[in-house]
Amino acid sequence: METDTTDIDQQLLQQFSSMGTTDKDVLVAEFQKLLGHQLNPAGCAFFLDMNNWNLQAAVCAYYDFEMPKLWLPCMAFISDVTIGEGEAIPPNTSFVKTWRIKNSGDEPWPPGCSLRYIQGEQLGDRDRVLVDPLVPQQSADVSIEMLSPSKPGIYQGLWRMSTPTGMFFGENIWVIVGVELDGVLGVTQQLNSLTPDYQPFQLEQVHEHR
């Protein structure tokens, strides 16, 4: 069982409140940032609206009334299965990014959990992928098809696990991609995909015994 009790930076709250902004989109984005992307935009808007769009009051209300009642699944990031350090991809090339994650808690995940894009470079059209409910201490490989940008460089994006109700949980999951003109990783994956047993979107269950 995991309850995310992210410390609130009071100085940042006071500085932002003193700006006196009334832009609701900005307030929602800042609220979500202060909570470590623990709550989705709709949830942030709910707490802000209930507190007359006062950022500091909304954050306090969230922690006062929601966190003591909130149970969240546990998730630990284990490793990058594909696109590791030092591997480069040519521009405008499709590739499959795979992470290995684990239910590190004592409770099974509820059905309908997904890995969702949060911020940074999305690298393609997909912004989420469903993940099978894992039992305690069970791990799995999660894959998403992505597309490298057109210009060489280093690109990174943040992803997080989410419950069916939109509550984020577990460790941050990053994709960091190096795009180089002479990169070969995407081509290698495309050649591997020609083999009959290549299934990039099959959730590979890896059981670990305590």
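Just so you know, these numbers come straight off a predicted model, no measurement behind them. (Residues numbered from 1 in each chain as written. Predicted model: local features only at pLDDT ≥ 70, side-chain atom pairs only at ≥ 80, totals over all residues. Heavy atoms only, no water.)

What follows covers the overall build of the protein. The helix and strand inventory of the protein stands at 5 helices and 9 strands. Listing the helices and strands of the protein from first to last along the sequence gives α-α-α-α-β-β-β-β-β-β-β-β-α-β. Considering the protein as a whole, with its 210 residues, one finds that 44% of them fall into the buried category. Contacts in the protein between residues far apart in sequence, at least 24 positions, make up 72% of those at least 6 positions apart. Looking at the protein as shown, the accessible area adds up to about 11300 Å², and 51% of this sits on carbon and sulfur atoms. (Helix = DSSP H or I, 4+ residues; strand = E, 2+ residues; numbered from the N terminus. Buried < 20%, exposed > 50% of the residue type's maximum accessible area, 1.4 Å probe, protein only. Contact = heavy atoms within 4.5 Å. Areas by Shrake-Rupley, 256 points an atom, 1.4 Å probe, with all protein chains shown as cover.)

Burial in helix H3 (residues 41-50) covers these residues: Gly 43, Cys 44, Phe 47 and Leu 48. Across the axial projection of H3, the buried residues extend over an arc of 135°, all falling on one side. Turned more than 90 degrees off the buried face of H3, the exposed positions are Ala 42 and Met 50. Positive phi shows up at Asn 52, right after H3, with a value of about 55°. (Arc of directions from axis to C-beta.)

Applying the stated criterion across every chain yields a total of 4 aromatic pairs. Judged by centre distance (6.0 Å) and plane angle (45°), the ring pair of Trp 99 and Trp 159 falls under tilted. With Trp 99 in strand S3 (residues 94-102) and Trp 159 in strand S7 (residues 153-162), this pair connects stretches of sequence that are 60 residues apart. Under the relative-accessibility criterion, Trp 99 is labelled buried at 0%. On the basis of relative accessibility, which here comes to 0%, the residue Trp 159 falls in the buried class. The structure contains a cluster of three or more aromatic residues connected by ring pairs, namely Trp 99, Tyr 117 and Trp 159. (Phe/Tyr/Trp six-rings, centres within 6.5 Å; stacked < 30°, edge-to-face > 60°.)

Let us now look at the confidence of the model for the protein. Averaged over every residue, the pLDDT of the protein is 78; residues scoring 70 or more account for 72%. Within the model, the stretch residues 198-210 combines pLDDT values under 50 with 34 contacts to residues more than four positions away or in other chains. (pLDDT = per-residue confidence, 0-100.)

Right, let's get into the environment of Leu 34. Looking at where Leu 34 falls in the secondary structure, it is placed in helix H2 (residues 24-34). Leu 34 sits in the buried class, given a relative accessible area of 8%. For the pair Leu 34 and Val 59, spaced 25 residues apart in the sequence, the C-alpha separation amounts to 8.2 Å.

Below, the discussion takes up the side chain of Thr 98. Within the fold, Thr 98 resides in strand S3. For Thr 98, a relative accessible area of 7% translates into the label buried. With residues near it in sequence (within four places) discarded, Thr 98 still touches Asp 80, Val 81, Thr 82, Asp 141, Val 142 and Ser 143.

Moving on to the side chain of Lys 102. Along the chain, the position of Lys 102 falls in strand S3. The exposure class of Lys 102 is buried, given its relative accessible area of 18%. Polar contacts involving the side chain of Lys 102 include one to the side chain of Gln 137, which spans 3.2 Å. (Polar contact = N/O pair within 3.5 Å; in protein donor to acceptor, adjacent residues only side chain to side chain.)

A few words on unusual backbone geometry. Despite not being glycine, Asn 52 shows a phi value in the positive range, around 55°. Checked against the element boundaries, Asn 52 lands in the loop between H3 and helix H4 (55-65). Its identity is not glycine, yet Leu 123 carries a phi of approximately 60°, on the positive side. With respect to the secondary-structure elements, Leu 123 resides in the loop between strand S4 (114-120) and strand S5 (128-130). By relative accessible area, Leu 123 is classed as buried at 7%.

Okay, the pairing of S7 next. Moving residue by residue along a regular strand, the side chains alternate between the two faces of the sheet. Judged by how many residues are buried, S7 sits mostly within the fold: 7 of 10 residues are covered. Alignment of S4 against S7, held across 6 bridges, turns out to be antiparallel. Of the residues in S7, the one forming a bridge with Gln 119 is Leu 158. Inspection of the sheet shows S7 paired to strand S8 (residues 168-179) by 9 bridges, in the antiparallel sense. Among the inter-strand pairings, Trp 159 is bridged to a residue of S8, identified as Ile 173. (Pairing = 2+ DSSP bridges.)

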